[in-house]
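Survey of secondary and tertiary structure
Each chain, letter by letter, is given below.
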Number of protein chains: 4
Amino acid sequence: MTRVLKAGILGATGTVGQRFILLLSQHPYFTIHALGASPRSAGKTYAKATKWKMAQRIPAEVQDMVVKTCEPTGEFLECDVVFSGLDADVAGEIEMAFLKADLGLFSNAKNYRTHEEVPLIVPMANPSHFDLLAHQRSKHSLSKGFLVTNANCSTSGMVVPLKALQDAFGPLSKIMVTTMQAVSGAGYPGVSSLDIMDNVVPFIGGEEEKMEWETLKILGSVNKDLNGFDLLQSTKVSATCNRVPVIDGHTECVSIEFERKPAPSVEEVIRVMEEYRTEAQALGCHSAPEQAIIVSREDDRPQPRLDRENGNGYSVTVGRVRPCNILDIKFTLLVHNTILGAAGSGVLLAELAQKKGLIV
Amino acid sequence: MTRVLKAGILGATGTVGQRFILLLSQHPYFTIHALGASPRSAGKTYAKATKWKMAQRIPAEVQDMVVKTCEPTGEFLECDVVFSGLDADVAGEIEMAFLKADLGLFSNAKNYRTHEEVPLIVPMANPSHFDLLAHQRSKHSLSKGFLVTNANCSTSGMVVPLKALQDAFGPLSKIMVTTMQAVSGAGYPGVSSLDIMDNVVPFIGGEEEKMEWETLKILGSVNKDLNGFDLLQSTKVSATCNRVPVIDGHTECVSIEFERKPAPSVEEVIRVMEEYRTEAQALGCHSAPEQAIIVSREDDRPQPRLDRENGNGYSVTVGRVRPCNILDIKFTLLVHNTILGAAGSGVLLAELAQKKGLIV
Amino acid sequence: MTRVLKAGILGATGTVGQRFILLLSQHPYFTIHALGASPRSAGKTYAKATKWKMAQRIPAEVQDMVVKTCEPTGEFLECDVVFSGLDADVAGEIEMAFLKADLGLFSNAKNYRTHEEVPLIVPMANPSHFDLLAHQRSKHSLSKGFLVTNANCSTSGMVVPLKALQDAFGPLSKIMVTTMQAVSGAGYPGVSSLDIMDNVVPFIGGEEEKMEWETLKILGSVNKDLNGFDLLQSTKVSATCNRVPVIDGHTECVSIEFERKPAPSVEEVIRVMEEYRTEAQALGCHSAPEQAIIVSREDDRPQPRLDRENGNGYSVTVGRVRPCNILDIKFTLLVHNTILGAAGSGVLLAELAQKKGLIV
Amino acid sequence: MTRVLKAGILGATGTVGQRFILLLSQHPYFTIHALGASPRSAGKTYAKATKWKMAQRIPAEVQDMVVKTCEPTGEFLECDVVFSGLDADVAGEIEMAFLKADLGLFSNAKNYRTHEEVPLIVPMANPSHFDLLAHQRSKHSLSKGFLVTNANCSTSGMVVPLKALQDAFGPLSKIMVTTMQAVSGAGYPGVSSLDIMDNVVPFIGGEEEKMEWETLKILGSVNKDLNGFDLLQSTKVSATCNRVPVIDGHTECVSIEFERKPAPSVEEVIRVMEEYRTEAQALGCHSAPEQAIIVSREDDRPQPRLDRENGNGYSVTVGRVRPCNILDIKFTLLVHNTILGAAGSGVLLAELAQKKGLIV
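The notes below deal with the structure included here. (Residues numbered from 1 in each chain as written. Chains lettered and ligands numbered in written order. Predicted model: local features only at pLDDT ≥ 70, side-chain atom pairs only at ≥ 80, totals over all residues. Heavy atoms only, no water.)

**As for the packing of helix α7 (residues 153-169) of chain B against helix α10 (residues 266-275) of chain B**
All names here are of chain B. How we decide: Throughout, an axis means a line fitted to C-alpha atoms (over the contacting stretch in the case of helices), and angles, computed between N-to-C directions, take values from 0 to 180 degrees. Runs of E in the DSSP output that reach at least two residues are strands. Runs of H or I that reach at least four are helices, and both are numbered from the N terminus. An angle counts as roughly parallel when it lies under 35 degrees, as roughly antiparallel when it exceeds 145, as roughly perpendicular when it falls between 65 and 115, and as oblique in every other case. The handedness criterion is simple: a crossing whose near helix is rotated anticlockwise from the far helix by less than a right angle is left-handed, and one whose near helix is rotated clockwise is right-handed. Pairs of residues are marked as contacts when any of their non-hydrogen atoms sit within 4.5 Å.
Closest axis-to-axis distance for the α7/α10 pair is 9 Å, and the angle between their directions is 110°. As judged from the angle between their axes, α7 and α10 are roughly perpendicular. You can see that α7 and α10 cross each other, and the crossing is right-handed. Note on element contacts: α10 touches α7 through Glu-268, Val-269, Val-272 and Met-273, opposite Pro-161, Ala-164, Leu-165, Ala-168 and Phe-169.

Pasting the structure below:
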């Protein structure tokens, strides 16, 4: 490490923004340099502008920072990286303005995930998609700016073990997943207590479509000319998404079929997951967990309350790996939806970019 | 109705037994005549023997009834029907003793569900399996006794729409289901609050096996000689069962494939479910809901807290009927696990048996 | 009963309005005649205008009724009684307009509770305050109109046993209460799940002040000239209000001191509560519960989930009556906050008014 | 620090024992040397003997330690301190045997709290009660052994601010408290989910008596002869204890009256709490939080989910300090019931004893 990078946060007062602040505070590579939020918050100190909802206290260093509007001016122009936790209804325009101002952006918003010149990267699944950045910069005539998106929270957890298996055993032909998602995924105030106490809501708007499409881009590859993406063509994904009364941690019941026949055994699948090492570990990224995937051998795991903090929220915990009567293999996974599934992905992407020399 | 039938309840102090009491109290066909429980409870009044956990108060008529041991003697011998909410560890022996005493038994226990001479009946799915009773009586030399089991709570909900579809469109080739089950399914004290608050437990011992096997018997048929069952041979069932922080009501995400090609459309599936009428309705059974299956057109239904009381807990509520990217059709269903999924099935079975002249 | 009264509901799409609809649907005295809501809802059918959140389904009779704006015109002018579940920010103006249009109003809003010419009545505590209506009509030159308010949800539960004790043993000198209030008290969407799951919020804006002040008016009396209220002068009330993760049912821990020395014994207190009969019972009001106060002798009652439906939500359940080391007597009570504590109070008030001949 | 002390844990597999293990693992003063549990667990490795329920994983160092029976033999005899998380039904006999074996014991069990020769110490309230140890050793002819108990979880939180106020303003004449206690206080499996979801249980066996009595001993003093305790004589305590659906963190609504007239103002009370420093801070104990009491100025704090980890679970968080209409001052406090309210108290007591030279 030669220098500490200046980080800006867009949407800093929201749920994802608060998590970015916790993760970046006291981070060895980054210092929080600029905070952006809506005009209503701008001009106030962060402590006053924010309805803080994290179990840890507001880091002292940001308490008195003055919140700015989300424009590529002033302190934001001094940032080496900018993290966006903006809502989708404003992210499109703001992020494009920041990109055009030649700033390096890691976005948690969905707006550009499907864009053909924007990488959609889950840091421990497809860091190779950073290879598109040269084309992106050239296309937009940027010297140092870029725009990289991370995936939907549920997708972010699922693709890690799927990538491990795809690397080891070749393409998956079918992926069925049923999720049980935490309320924090909906932001604040988000889900009304009257809707979720003693209840399950069997629907999350747009979530199933995101899981079904994003998986094909993430598990696909950058094309040969390094100027676009080859999405998976022969893989079918079917997702069912539910909201359950859990604060943090999405649980996902996955069943998969391999193209390869015979399919790998349960023990082979477990071994591949346990041995899975990614570029994040190889490059020694600060937030990379020792194990990308922790496999539990106990019957009744993973559980959100007991496993969501595994690897400081950066590991995916997998359990109940067993044969499926219809597809090949079933398992249940858990992902901390606001760490690995949101802000943490952004932070780990920035660490990867820094290690790869992409932040200049 | 010519006469009110005397009903006995085995396991009367447990969770299922309490529900039996609520459902039979003030029932027009039945009067509660005998209550059986463990030797520890025997000799006490019901109010003293029971840790009552229902939201409704203990019916006045049973408060001072004296609890007996679970033996086919005394008042139990005077019963026209006996309902068993016994735990599996004692149900086997006790229920057999009652059967041999020529008593008519409806059991919620799992012990005899897999027995080749014992019908496993979900009242609005396979009442035709009552046809085996003549053989059962002959085999055991009974004049009026019989043993009929109801299904596991999760199975009980799922097979109702599946039977409707099978009747209309022919056999199903594949059934995948992921459940989110309520804590009341585990009895009392059952699930510790420390295990389920802010949590999901991705495992329920034996539950997946029950769903996978029971479905094949229920959706199968009595054989031609009326002395055994032809289980489904070509249908594959894959079940994943989870416990969630919900008090009552199991939610199940189901995806199915039909043998018939092309598969029926979403609208055909919905129409068949809505129009499904069963023998319970045709015979005018007291507890039969107007609609066996209620189909919700709203995106975010069924929900346990809002839909579990539909049809007084006897209807299955279905929602989100839509195409599946992997199998043919997906939907989500809700069943009240202690009514239609347990004691209510027993009661509705007894009503059916009475209407069919099987209680003599 | 000579005729069925036409009822209007203001704020019909809100949480309190939905409860009014459930309580008035199929009520023998009333028929729902007009539904009022915000201009955004007006013109739509009730089913379309409402985000229905009750566990029971929308009554068929209101599904297709067209929602109006909250103005004293059209069908509202034909109403014999109007129930208001309006939010405080609009209730003041609208309710005054309805009163001036000579309509009879029962309001759940706080706006006029403190007004010197408006009765604040908990139906099973101070129905004698209806005696002010003659003065109110005279003052506003009304022939049949009136405005009666019901109390805050927490106050509504507490004053019932306190009035029973005051009637029997004379004035209370001190009342300390700590509440644990359900989320439904905050309306919909109301309390965010992120604020209340695995949590307690030790504050509800304005609630403590309401409990402390309203109690003095309700337990006070109409003055001798029947043109105002004599509030209690020598009683001190100290309230602490908390929100807990409960859907319906406010639990309140109360400790009281009597002026009378020696104070009544625990057994005397219990007897007085159990024997408490009110005008609502005496006049045979339809919704009046058999017992205004149910006293539980079990250690661990009342509990919201088990006791909130007592008396169909119209009874107050009291338990743990015992001596206090500091004041005289302590007990815990439970009130269904949206029935007896809100809409149900309005309905029972209307029944009382009808029986007393005040609805002309 | 000259040497690391060997620590034994009795009741190591229970809820309190698990917390002891987390707190002592990697503690700079202690190394875990012996684990004791029931004969059923003895002989197994800790990982196998324990149903681990903490959100953090089992520390690697204890996974393979073999659990012993709770007898003062073998490795327990080598321990410098022994922490007891035993259940009350066995703690009496076992702890006495350990004491007679001249071992130094910190017990979380209630058995000896009321004993006249056993200190009952809340580490940031009455560490001066350690002064009785010389008499205890002399009485039992011990060279290094001792028995010190910590208080009930609810008492442990309340006495910290009360002691600060008593030190500053003199005796309190009245203390009223209503608690809302977390389910973890009842151990595992403890509270059934069916008893607490969507519910409040207004009773915890023995809890109110403990709060009322323990407070008088803790806020009292060692007598002049240093051979017994002078309990508070003129202070009245009235406690009401409730269980709420919260995992960790007891919330307590407290109202107090001072003997001193006029009573201190709200601002004086806040200042005294904020400035309160104890021997634990003065001696630099490892686990002593920077602030024994954190006072929140926000309306809606403390909240268990947001504040229980304050000071790593060792701080008491106070909020809503305001005048009481009946007594002098009201406030709400929060204590982490399994850290400061249980195992953490034991650990902090051991740190204090070590700093004071009492562990020899």
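**Some thoughts on the interface of chain A and chain B**
In plain terms, the rule: Buried surface area refers to the total accessible area, computed with a probe of radius 1.4 Å, that the two partners give up upon joining, counted for both partners together. Salt bridge, as applied in this entry: a Lys or Arg side-chain nitrogen positioned within 4 Å of an Asp or Glu carboxyl oxygen. Ten residue types, Ala, Val, Leu, Ile, Met, Phe, Trp, Tyr, Cys and Pro, are classed as nonpolar, four, Asp, Glu, Lys and Arg, as charged, and the remainder, Gly among them, as polar.
Counting residues at the interface gives 46 residues for chain A and 46 residues for chain B. Summing both partners gives a buried area of about 3700 Å² for chain A against chain B, and 57% of it is carried by carbon and sulfur. Counting the contacts that link chain A with chain B gives eight salt bridges. Contributions of two or more residues to the side of chain A that touches chain B are made by β7 (172-181), α8 (193-196), α9 (207-218), β10 (236-243), β11 (250-258), α12 (304-307), β13 (316-323) and β14 (329-335) of chain A. With seven residues, the single largest contributor to the side of chain A that touches chain B is β10(A). Looking at the side of chain A that touches chain B residue by residue, the class counts come to 21 nonpolar, 10 polar and 15 charged.

**Some thoughts on the interface of chain C and chain D**
What counts is decided by this rule: Here a polar contact is taken to be a pair of N or O atoms separated by no more than 3.5 Å, where protein atoms must pair a possible hydrogen donor with a possible acceptor and residues adjacent in sequence count only if both atoms sit in side chains.
Contacts between the two partners involve 46 residues from chain C, matched on the other side by 46 residues from chain D. In this structure, the connection of chain C to chain D is made through eight salt bridges. Residue D:Glu208 is joined to C:Arg320 by a salt bridge in which the shortest nitrogen-to-oxygen separation is 2.6 Å. Our count for the contact surface shared by chain C and chain D stands at 26 residue pairs in polar contact (both at pLDDT 80 or more). Looking at the side of chain C that touches chain D, the elements that each hand over two or more residues are β7 (172-181), α8 (193-196), α9 (207-218), β10 (236-243), β11 (250-258), α12 (304-307), β13 (316-323) and β14 (329-335) of chain C. Ranked by residue count, the leading element in the side of chain C that touches chain D is β10(C), at seven residues.

**Structural notes on the sheet that holds β11(C)**
Residue and element names in this part refer to chain C. Here is the rule we go by: Here, strands pair whenever DSSP counts at least two bridges between them.
With mixed pairing, the six strands of this open sheet are ordered in space as β10-β7-β11-β14-β13-β12. At either margin of the open sheet sits one strand with a lone partner, and together these are β10 and β12 (293-295). Pairwise comparison of adjacent strand axes, ignoring direction, gives a mean angle of 20° for this sheet. Here β13 runs beside β14; their pairing, made up of five bridges, is antiparallel. By the bridge assignment for β14, Val-318 is matched with Leu-333. Sheet strands in contact with helix α7 (residues 153-169) are β7, β11, β12, β13 and β14, and its direction is about 30° off that of β11.

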